[in-house]
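If you want the building blocks of each chain, they are given just below.
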Amino acid sequence: MEDIKKIDKPKRNILKHLWLMFKWMGKHSLLLIPALGSLLIVSYLRTLTPLFGQHIIDVILGDGESKLPVYLTDLIKADTLPKQLLLAALLILLLSFIRALFIFVERGISGLFAEKTAYKLRNNLYKKLRDADYYFQSHSETGDIIQRCTTDVEMYKRFISEQSIEVARLVLLVGFSIYQMSRLNITIMWVSLIIAPILLISAALYFNKVEKMFTEIEKNEAQMTTHVQENVSGARVVKAFANEAYEVEKFRNLNRKYTDSDLRLVKKMAFFWSSTDFLSFIQFFIIAIIGIIYASKEIISIGVYTAFLAYAGNIIWPMRQLGRLVGDFSKTVVSISRLDHIMSNPGEYVGEENKLEPEIKGNVEFKNVSFKFADSKEDQITDISFEAKQGETVAIIGKTGSGKSTLMNLLIRLLDYQKGQILIDGVEIKDIEKHYLRRNVGVILQEPFLFSKSVEENIKISDSTSDLNKVSSVAKIAQVHNDIMNFEKGYQTLVGERGVTLSGGQKQRVAIARMLLKPKPILVFDDSLSAVDTETDIQIRRALQQEWKNSTVFIITHRITTASEADRILVIENGQIKESGKHQDLINRDGLYKNIWAIQSQINFQIEEDGE
Amino acid sequence: MSDYLQDEENFTSQKFDWLVWKKIFMFMKPLKKTAILGLLAVMVLAITDIIYPYISAFAIDDIIRPNIDSTVVDFSKLPLLITYFVIFMIVQATMVYLFIIYAGRIQNELAFSIREKAFNHLQELPFSYYDRTRVGWIMARMTSDSRNLSEVLSWGLIDLVWGVFLMVFLTIFMFIINWQLAIVILAVVPILTAVSIFFRKYILKAYRSIRKVNSKITGAFNEDITGAVTTKTLVLEEQNYHEFDILTSDMRKQSIRAHLIQAVFFPTMLFIIFIGMALVYNVGGNMVITGAISVGTLYLFTNYVWQFFDPVNNIANFYARFQQAQASAERIVSLIETEPDIVDKEEVIAKYGTIFEYKRENFEPLIGKVEFKNVSFKYNVGETVLTDFNLKVKAGQSVALVGHTGAGKTTIVNLISRFYEPTAGEILVDDVDYRERSIGWLHSNLGYVLQTPHLFSGSVMENIRYGNLKATDEEVIEAAKAVEAHSFIMKFEDGYNTECGEGGSRLSVGQKQLVSFARAILADPKILILDEATSSVDTETEQLIQTAINKLLKGRTSFIVAHRLSTIVHSDLILVLDGGQIIESGTHRELIKKKEAYYKLYTNQYSEEMLELSKR
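What counts and what doesn't
Residues numbered from 1 in each chain as written. Chains lettered and ligands numbered in written order. Predicted model: local features only at pLDDT ≥ 70, side-chain atom pairs only at ≥ 80, totals over all residues. Helix = DSSP H or I, 4+ residues; strand = E, 2+ residues; numbered from the N terminus. Rg over C-alpha atoms; globule rule 2.2 N^0.38 Å. Contact = placed C-beta atoms within 7 Å. Buried ≥ 20, exposed ≤ 12 C-beta atoms within 10 Å, placed from the backbone. Nonpolar A, V, L, I, M, F, W, Y, C, P; charged D, E, K, R; others polar. Domains from an automatic or database assignment. Core = buried A, V, L, I, M, F, W, Y, C linked by C-beta atoms within 7 Å. Pairing = 2+ DSSP bridges. Axes fitted to C-alpha atoms, helices over the stretch in contact; angles between N-to-C directions.

1. Here's the deal with the overall build of chain A
So, point 1. Secondary structure summary: chain A contains 22 helices and ten strands in total.
So, point 2. Compactness check: chain A gives a C-alpha radius of gyration of 37 Å against a globular reference of 25 Å for 612 residues, more than 25% above the reference.
So, point 3. The dimensions of chain A, computed from C-alpha atoms along their principal axes, are 125 × 65 × 50 Å.
So, point 4. In chain A, once contacts between residues fewer than 6 apart in sequence are set aside, the share between residues at least 24 apart is 77%.

This is the structure:
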């Protein structure tokens, strides 16, 4: 919860985020150099175009002097006017070809740069999420994280490749235009800069304000779509309570609210674009009038006058754009900080590289182990000690929240205990490399996750070299083979989001099959038979006993029948071992286990009584 | 997400589908006036766009050049020019304002009415529709498709009209001023258009395939997060990362391709424009030399070359997006035209009213007797679920349905609720085939508690009141008290005004169940359907739920898809179902004595519950 709050309010540390922005680019940032270089050439060439008009009007068709750079006028020299015109036209073509070429280079490179950076970022995010520790994962909301990995990455990518380049482009264009104007006439140059700052500021203010309206519109849209979503997914309730008319009325109101808020934005938009258009034309108007007067008095030539009109356009139209980009930057900063929340997570494998990889036989010992979650005050597990020899079966029984699963999470180091020791064949597990440890301790979860692949691939996931024979043989042990064969496509049936939805019990059995593919010295059933009926449960365990004689097995269970056959039974309550021993010992001792046993017999007793 | 994309493919046809558009244009009818005004505005805008460079040409030819040639500077024509310019600015700004307003209005109102129509239609569709249609599909129609379509029909269409007008006016205007230069420019326009359309189509296609990869990547991130613990326990980190890398590499490849297409597109267009420009300078310049045209006219035509750029792009853009829009239109029409397969007969509607407007005065009071008479049923796809099913339930009886998954429990409940109708035989409620009465009549006497309680976003109060919209606050609280929900609600800071969150996410499972009980009891139904939850809740809540259920069932005919031992034990009649047949029926005592199916089920399934009970 704490983390989520932190996410909502990103710290706006601009410098830090700028640094992150470049850090994530890595060596790809070098690509920015040719991109910006091309941009420089493109912008310069663009500001030459009006000068060609000027040259043609003033020099070829009139008798004034050229404002084109000398190296270009040299190329247009010819004895007749038509020849000069032809040369000028050809030169225009040549330069525009060069310009087109560099535009291509610039866009191609910046695209390359953007995608390479985004690729790297996506992969890194994936790795970060994958390696994140249990705490991070249990404290994150899936939807929110996915949003970060998609929308925020997109935002970041667009900013580094499009928006920042756009800023550079506009700044260069304005800069070169001002430079060219200063070569033509200083006074008109100054005059043509009057409105630009006003446009820039009003655009920045406008887009800032509109941003708030967007938030409101999005909120209204979300409300509306939520209503549809709930209406559709709750169709049973709507119909059963006969509330169709009410639903329609409610939807109409939400639909209206959303539409109206969007229409308010449309009004704002219409006002902004028309009024800034008006302002821009005032600027043109002023330049035109001064230009006309100057040209009439022959202070400037006609060609220069037309060039000024073109440059004014180069300065005025980009201003609104520039104003919008200012707003985009602040949005990007938010995205970067949201991404940083994931990227700055060190993950659980830091410092694991040089740890031990001892041979694991399956002797497990818990020695006074205590554990508490970082955000809780009380111990989740207190002073747990027990031993399991190779090949033994230990059952752990206790109610929800008693700490059974935590115990097993400690064994595979999804969580790390604070006090005591867990030893496997005499080696403390904190000294064993995590991947290695988990490869040797197989855990089957209560709610196992199946990947959206075929059933076969899901089972093969733990050993891709096995063939279908092997896969079906483990599926038989896990008592899921018949279920699979009943599917239309058998082992090729797709499961998960895009395929068939398996029942809880089927999922558990597929997960068991998956684990059985590769023998492991230690095996943990974390309540992973809970959705399987008792008979199947027994069959699976019988089969296991034959196949996996040498493995140490931990079974977390609710079922007394399951527990009763274990070599040792641990009864866990409030994170402590309350009772332990064999079934026969425990039912002769007062305690929770005996109670459960008694109730179980009571069913039979009750039945007999009923039967009389 | 992935379904949506598949659907998108299914509906993409190449031909212009006149029928679909006719239906969509029905939505435009009320907006006719706005559309005409909007089109007028862009027409004027197209004209001002042409006039603007003309003002400068006028200044060059009629003010500057005469002044240069004569010795006296004459500014007498300047006021005229200023007048032109001011009028131009005002007209231009006004038209921009109006065009945005009108286009925005069309877009929003069109989307509004499409959504409204679609939503209303959804309410009329029977439950079977929701069973076979994914929520995502419907949501996409209501959001992206309606948005897509309304955007194309407002901004897209107006941009297109502006472009066409501008090109037509420009052509006429150029021919009036100088036909030779006009021909020079017009020679370039078709090339420009062809190139633009060619690229637009490719770009759109590229983006579509990027979107597809993107949704796969989103799915992969989702698996990365939700399957994290499984990945760790199976040590699949490297393997999964490798698969993810295939996706992101594909994304990179496709995106770079899209970038490159775009990187070629714009400069190509630019170069073509410059060809036109060079031609104008060369041809026009020579004409100035011979005195055929003035410098001002030359200036005008160099400007006009540029003016073709935007309209050509707009047209190409519209062309490219049109196909997409048509696909959206087809999907929306397909939703709106889905025929509901469970409807009241005409004479029933005449007597009892529609689902939006009941004629309550004609509703007979419902007593609660339910009978299945030789009922057979099969879902649209799949095998027959019920064959010749018979069952008689007296008013006020509680019936527990037990059996394995697929035994037919849910089907029976669906049939009683008339979410589905029997394919053969009939279901009598109070001795009358329920098809002789209206859906509204049955549903306003029906209560339904789902296995996973469905709450709406809104306050607790609103959620309970959903059972009876006319209930006062006091009555709501009364209902909550009756099912033991009052005390936990009062423990919330905001009491009954506590927001439940989307889908009731801010409440625990047990709390949601109690709220849905309160809702059902407030509806005071004669027939109650209770699909019991399987999920375990803490002991305290479990007891509350137990008491609440007993209260809920009192005095109503009830059908319970039962999972709780105590509920089953207490019901008047237990039906053990298998393969759509009643294999055993009777009370708990009777069935236990038999020591057959029920006994076996009972001892297997409920031993765990015994364990839970033992902890109390």
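2. Examining unusual backbone geometry
So, point 1. With a phi angle near 50°, Asp425(A) is a residue other than glycine that sits in the positive phi range.
So, point 2. By the element assignment, Asp425(A) lies in the loop between β4 (419–424) and β5 (427–428).
So, point 3. When the 15 C-beta atoms within 10 Å are taken as the criterion, Asp425(A) is described as partly exposed.
So, point 4. A positive phi angle, close to 70°, is found at Asp431(B), a residue other than glycine.
So, point 5. By secondary structure assignment, the location of Asp431(B) is in the loop between β4 (424–429) and β5 (432–433).
So, point 6. You can call Asp431(B) exposed: it has 9 C-beta atoms within 10 Å.

3. Points about the interface of chain B and chain A
So, point 1. Opposite the 118 residues of chain B that make contact, chain A presents 117 residues.
So, point 2. Among the elements that take part in the side of chain B that touches chain A, helix α9 (residues 237–290) of chain B stands out by supplying 28 residues, more than any other.
So, point 3. Looking at the side of chain B that touches chain A, its residues break down into 63 nonpolar, 40 polar and 15 charged.

4. Some points on the domain arrangement of chain A
So, point 1. Domain boundaries assigned for chain A yield domain 1 (15–184), domain 2 (186–299) and domain 3 (364–602).
So, point 2. The gap between the C-alpha centroids of domain 1 of chain A and domain 3 of chain A is 59 Å.

5. Here's the deal with the domain arrangement of chain B
So, point 1. According to the domain assignment, chain B contains domain 1 (2–336) and domain 2 (364–444 + 559–616).
So, point 2. One C-alpha centre belongs to domain 1 of chain B, the other to domain 2 of chain B, and the line joining them spans 59 Å.

6. Some remarks on the nonpolar core
So, point 1. Of all hydrophobic cores here, the largest spans 209 residues; its most connected members are Phe308(A), Phe99(B), Leu401(B), Ile464(B), Val483(B), Phe517(B) and Ala518(B).
So, point 2. Leave out the neighbours within four places in its chain, and Phe99(B) touches Gly38(B), Ala41(B), Val42(B), Leu45(B) and Ile158(B).
So, point 3. With 114 residues, the next largest nonpolar core counts Leu129(A), Ile444(A), Phe525(A) and Ala263(B) among its residues.

7. A word on the sheet that holds strand β2 (residues 384–393) of chain B
Residue and element names in this part refer to chain B.
So, point 1. Within the open sheet, the four strands sit side by side as β2-β1-β4-β5. Their pairing is antiparallel. The open sheet has two edge strands, β2 and β5, and neither has a second partner.
So, point 2. Examined bridge by bridge, strand β1 (residues 370–378) and β2 share six bridges and lie antiparallel to one another. Residue pairing for β2: valine 370 is matched across the bridge by valine 393.
So, point 3. Where helix α13 (residues 409–416) meets the sheet, its contacts fall on β1, β2 and β4, and the angle it forms with β1 comes to roughly 115°.

8. Digging into the environment of Asp49(B)
Residues and elements named next belong to chain B.
So, point 1. Counting through the fold element by element, aspartate 49 comes out in helix α3 (residues 32–69).
So, point 2. Accessibility expressed as a C-beta count within 10 Å gives 20 for aspartate 49, which makes it buried.
So, point 3. In this structure the C-alpha to C-alpha distance between aspartate 49 and leucine 553, which are 504 residues apart in sequence, comes to 75 Å.
So, point 4. Ignoring sequence-local partners within four residues, the contact set of aspartate 49 consists of Leu166 and Gln307.

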